[in-house]
Amino acid sequence: MQSYTEITPPTAVTHSLSVPFLSRSANNLIIAKYSLLQVFSLKSVVANTVSGVVNDAPYSAGLNGPGSAPLVSSALPRGERQQSTKLILIAQYELSGTVTALARVRILRSRSGGEAILIALRDAKLSLVEWDPERYSISTISIHSYEQEDIKRSPWEPSLTQSVNILSVDPSSRCAAFKFGVRHIAILPFYQDGDDLVMDDYDPEIDGDRPIVKTSEGPLQVDKAPYAPSFVLSLLALDPTLSHPIHLSFLYEYREPTFGILSSQNATSNALLHERRDRLSYTVFTLDLEQRASTTLLSVSNLPYDLFTVIPLQLPVGGALLVGGNELIHVDQSGKTNGVSVNQLAKQSTSFAMLDQSDLSLRLEGCGFEKLGGDGGEMLMILNTGALAVLSFRTDGRSVSGLFIRHIQPHHGEDVFLGAASCTSLIGRGRMFVGSEDSDSVILGWSRKSDKIKRLGLRESEAAQEAIDMEEEDFEEDEDDLYSGAKADKVPKVSFPDPLTTTESEEYRFRIHDTLQNLGPIKCVSMSRLDEKKPGSTAFSNPKELVTAAGCGQTGSIGIFQGELEPRIARQYRIKGANAIWSVSARRNPGETGKQAGVDNIGYDEYLIVNTCVDTGDQSSIHSITSTGLNEVYGTDFESEAGASVEMGTLNGGTRIVQVLQTEVKTFDGGESSLLPIISSSQPAILPRLVLHSSARRSVCRHTPAHWKPESLCGASEFDLSVVMVAHVLLMFPNSSCIVSMKSFSTADVAWHIC
Amino acid sequence: MFPLTDEAADAEPKAIKARFADPYILLFRDNSSVMVLGADESGDLDEIELGETLRGNQWLSGSLYDDANDTFCLEIQDDEEEELGNVLMFLLSVAGGLYVRHLYCVFRNLILYLACR
């Protein structure tokens, strides 16, 4: 039963993922909006900005790709060239199910050459999806459903729908871990190229027949899926103390798939803090997929109760970052911990040894984290109020010795207004996508003056701007490649700047490149009243509007929904009996703009041709379009009584205006203010001559243009009386306004008019 | 000026529809036949000879398409392409078939689809 209508599809972004999806070298962004999946590609556009004023670069992409003509006319002073990244929607799909996680997986022999994505849906389902370039659409490789585990659960435990799903994929794509239910985990192994090396140790006598591994190139063999069968185990089988898992994530820089899991033995509770304080523990397990066994690498206990997420970090920092509502704790590969508390509550709720930055008074619930890509592995924190802060790591040699957080101060009015981030994805050097459920999702770009100065020193570039743009385009830089798991041995040389002394040139400046509009969350709705249309109003019709108050905080907005497009009438003219119109522009040379022709309207159409139906028959009239209005143009070769135009168009780059009538095709030269017919000497059949046949007289009259000698034909006995002649000739002599037209009919009378 | 006389018959087939793509005009007449006119540099129109199949057939509708981005990936020699452009003519016959011709050389039949009714 259809009892409601959806006005718009979901606009709040819940998950995002940066992945080469369409091909191996593509840079795509996958966005999930509850049950809507969108695939975007990214495009760089360059815009000129007047220096000192940072404009939101409008979309200027043409089919010529990046570097198309600057939007601001070259007459303005040349300002800074700004490069912006824009989102281009490739495809969108309605999924039957709510997306709870997105992860990217590198699989063997994908159809597009790029990577595949794993979509976790509520109710414990995983879907492995790749891009099919032949159908230009996504295609599901496999669906993994774990709903049968629901039957085995105890009746007092929450159902699968109510439980939290956590999906994590190993950075080398060897397997995926999916936590569903209360404490079940499913491991889905993927075949990778390195598996064949492991198989060499296979001893057929002991382990049975060696399975044949097909290594042929080409499209995926039907019987060889890119994954091995998954297995489900209870977390208690890994470790009996993992009874209340909170979050898990695979870690970087390990040879085997290794994940860290944040858990506790009893449920955490604010009310019982005086008794159950610091009961959380963080354990790192290594999985052996062949044996289906795990080994505990390290375990850190007595962690504060409000930690809610594990963020794995790449080199140069390494380890994992545990985020809680009142503190941040970094655990490195050896188990050494460093924490920082960010508000007063931390002291009261935990006795974990941490640095004290409670003067910041931050609340880290709902905070988004993303790498900034600086030398020191700095990370950007997007707080739930939309404020920005930077987390830096103080190091002692190669190990982290402390964390430091500082606010980002608004810079010369370059405020970026963000809402709380629901997801973040790094899409390139200096660009990240921040998705939000509370406000518009944005592409946030950042830069530092000190980075530009450093690069200028390194290369003597003719144009510093071009160097910076090239640098920003270079996505191959390994130190910022978030997913370069294979480059573990190439540790980039880093120098950690002292976080306490941040000069202004080292401060980050943020700019929004593109936004995805979000219409919610709607707080209040109202409808407009339908009044009578006021006389003299410029509205096309009476608009019916729905007004909403939406958003939170600095990103709050009022939205107006209208049922139809409401054009505002700029001018109105009456042309009696009109039933078709065309507009054409006249140019003297192909490709010239109106400016050179000295016409007021640059590039706009100049003439309006109207088919009208009047008593005497169908007519076409021509009007010129001026800034004051439409004026009918007389005195041209355009003949109104020739009949209704079938079609109007231009040829030869706009220099010839063509009118297709029912019985002929006329071309006009549009370059001059008057319309002249094309006079061609190469087509004798259409010489500007009138050939009259009349039943009464066997005479032929011929009119020629002024520069030709008038001739008279006489006694054209070769013409047959019964031949019907259809030429309509319109001539305009340059120095006189004589228009000669001729109508021919099947028999007797011939009439010709001179106006 | 270009008269649309049909020399063979007495009747004058009237033009009922026209499609433009620089430098060609595709005309549909009321006897379901088509005519293609081309304009040269000075703008003079000249009828382009169509093959027997196109002339004799009856057409419902059609269109001209200037393939500026080479969407159809035709393999044309570069020197010839610059001269004559890359305009494709799509015609829908009364029997339901779709004919695609390249106006660079009208006798080159690109794709012939015969759709069932």
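Because the structure is predicted, anything quoted here is derived from the model rather than measured. (Residues numbered from 1 in each chain as written. Chains lettered and ligands numbered in written order. Predicted model: local features only at pLDDT ≥ 70, side-chain atom pairs only at ≥ 80, totals over all residues. Heavy atoms only, no water.)

Peer 1: Residue-level account of unusual backbone geometry, with values.
Peer 2: With the exception of glycine, the majority of residues adopt a negative phi angle, and the majority of peptide bonds are in the trans configuration. Residues and elements named next belong to chain A. For the bond running from Leu315 to Pro316, omega is 10°, close enough to zero to count as cis. Here Pro316 shows up in the loop between strand S17 (307-312) and strand S18 (320-324). A positive phi is found at Ala124, a non-glycine position, where the angle reads about 55°. When you line up the elements, Ala124 lands in the loop between strand S6 (116-121) and strand S7 (125-132). Of the residues examined, Ala124 reaches a relative accessible area of 1% and is grouped as buried. (Helix = DSSP H or I, 4+ residues; strand = E, 2+ residues; numbered from the N terminus. Buried < 20%, exposed > 50% of the residue type's maximum accessible area, 1.4 Å probe, protein only.)

Peer 1: Could you give an account of the sheet that holds strand S30 (residues 522-527) of chain A, naming the residues involved and the relevant values?
Peer 2: All names here are of chain A. Taken together, the three strands give an open sheet; going across it, the order is S30-S31-S32, and neighbouring strands pair in antiparallel fashion. Whereas interior strands pair on both sides, the edge strands pair on one side only; in this sheet they are S30 and strand S32 (557-562). When the angles between neighbouring strand axes are averaged without regard to direction, this sheet yields 20°. As judged from the five bridges shared by S30 and strand S31 (residues 545-550), these two strands associate in the antiparallel manner. (Pairing = 2+ DSSP bridges. Axes fitted to C-alpha atoms, helices over the stretch in contact; angles between N-to-C directions.)

Peer 1: Any details on a nonpolar patch on the surface? Residues and values, ideally.
Peer 2: Taken together, the side chains of B:Leu60, B:Leu92, B:Val94 and B:Leu98 define a hydrophobic patch exposed on the protein surface, amounting to about 300 Å² of accessible area. Structurally, B:Leu60 is set in strand S6 (residues 59-66). (Patch = residues over 30% accessible without salt bridge, like charges linked within 9 Å, V, L, I, M, F, W, Y side chains within 5 Å. Areas by Shrake-Rupley, 256 points an atom, 1.4 Å probe, with all protein chains shown as cover. Salt bridge = Lys/Arg side-chain N within 4 Å of Asp/Glu carboxyl O.)

Peer 1: Outline the side chain of A:Ser137, listing residues and values.
Peer 2: All names here are of chain A. In this fold, Ser137 is placed in strand S8 (residues 137-145). Ser137 sits in the buried class, given a relative accessible area of 13%. Only 3.4 Å separates the side chain of Ser137 from the side chain of Tyr93, close enough to count as a polar contact. Those residues in contact with Ser137, other than ones at most four positions away along the chain, are Tyr93, Glu130, Trp131 and Asp132. (Polar contact = N/O pair within 3.5 Å; in protein donor to acceptor, adjacent residues only side chain to side chain. Contact = heavy atoms within 4.5 Å.)

Peer 1: Can you break down the nonpolar core residue by residue, with the values?
Peer 2: Residues and elements named next belong to chain A. Membership of the largest hydrophobic core comes to 22 residues, with the highest contact counts inside it found for Leu321, Leu328, Phe369, Met381, Leu391, Phe393 and Ile405. Secondary-structure elements contributing two or more residues to this core are S18, strand S23 (379-382), strand S24 (388-396) and strand S25 (399-407). Counting 20 residues, the second-largest nonpolar core is a separate cluster that includes Ala103, Ala120, Val169 and Phe178. (Core = buried A, V, L, I, M, F, W, Y, C linked by side-chain atoms within 4.5 Å.)

Peer 1: Would you mind going over the pattern of salt bridges in detail, with residue names and values included?
Peer 2: All names here are of chain A. The tally for this structure, following the rule as stated, stands at 10 salt bridges over all chains. For Asp132, the salt bridge is made with Arg111, and the minimal N-O distance between the two is 3.1 Å. Within this pair, whereas Asp132 is found in strand S7, its partner Arg111 is found in the loop between strand S5 (99-105) and S6, the two being separated by 21 residues in sequence. Residue class for Asp132 comes out buried when judged on its relative accessible area of 4%. Arg135 is the partner of Asp132 in a salt bridge, and the nearest nitrogen-oxygen pair spans 3.8 Å.

Peer 1: Give me the lowdown on the environment of A:Thr395, citing residues and values where you can.
Peer 2: Residue and element names in this part refer to chain A. By the element assignment, Thr395 lies in strand S24. Thr395 gets classed as partly exposed once you look at its relative accessible area, which sits at 21%. In this structure, the C-alpha to C-alpha distance between Thr395 and Val317, residues 78 residues apart in sequence, is 8.8 Å.

Peer 1: Describe the side chain of A:Ser142, with residues and values.
Peer 2: Residue and element names in this part refer to chain A. Among the secondary structure elements, Ser142 is positioned in strand S8. Judged by its relative accessible area of 5%, Ser142 falls in the buried class. In terms of polar contacts, Ser142 uses its side chain to reach the side chain of His144, at 2.9 Å. When sequence neighbours within four positions are dropped, the list of residues in contact with Ser142 reads Leu126, Ser127, Leu128 and Tyr227.

Interpretation note: all reported values are geometric properties and have no functional meaning in isolation.
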